[in-house]
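# Fold and contact review
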Amino acid sequence: ILQHLRWLFEKEEDAHRAGGGSCVLLHFCGHGHIGQIFPSDWLTEGAIEGSALAQIVASHLRVDTTLTCIFDCCESSTLFQEELPHELQLCESGGI
């Protein structure tokens, strides 16, 4: 997941060079626990910490890019507790 998240931001950078800001979508369905997600390979590769996700976002997300994250897992609201240099807007449960 982390490798593909970096790839996603690289593709976003290519789109930005083509003209203007862009939108990026990250969607995860699976298992989660406080501050972690568990991808399908978690038994061999380990859980992914929310801090690792936040570090990738903080280092790659452009100011003029909108990142939408959909985490369909338990404890998803605990994933981006790290301070990000961008504005973070959380949707209330059931909100749009």
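Use the structure listed above.
Now for a look at the structure at hand.

Rules and cut-offs
- Residues numbered from 1 in each chain as written.
- Predicted model: local features only at pLDDT ≥ 70, side-chain atom pairs only at ≥ 80, totals over all residues.
- Heavy atoms only, no water.
- Buried < 20%, exposed > 50% of the residue type's maximum accessible area, 1.4 Å probe, protein only.
- Helix = DSSP H or I, 4+ residues; strand = E, 2+ residues; numbered from the N terminus.
- Pairing = 2+ DSSP bridges.
- Arc of directions from axis to C-beta.

Our next topic: the pairing of strand 1 (residues 23–29). Only one face of strand 1 is buried: it carries V24, L26 and F28, and the other face, with C23, L25, H27 and C29, is open. Pairing between strand 1 and strand 5 (residues 66–72): 7 bridges, direction parallel. Considered in strand 5, the bridge of V24 is made with L67.

Here we come to unusual backbone geometry. In most cases, non-glycine residues show a negative phi, while peptide bonds are predominantly trans. The backbone phi angle of E75 is positive, close to 60°, even though this residue is not glycine. Looking at the secondary structure, you find E75 in the segment after strand 5. In this structure E75 comes out as partly exposed when scored by relative accessible area, which is 38%.

This brings us to helix 3 (residues 50–60). Since one α-helical turn is 3.6 residues long, residues separated by three or four positions face the same way. For helix 3, the complete set of buried residues consists of G50, L53, A54, I56 and V57. Along the axis of helix 3, the buried residues cluster in a sector spanning 160°; they form a single face.

Honestly, that's just the spatial picture; any functional story needs more than this.
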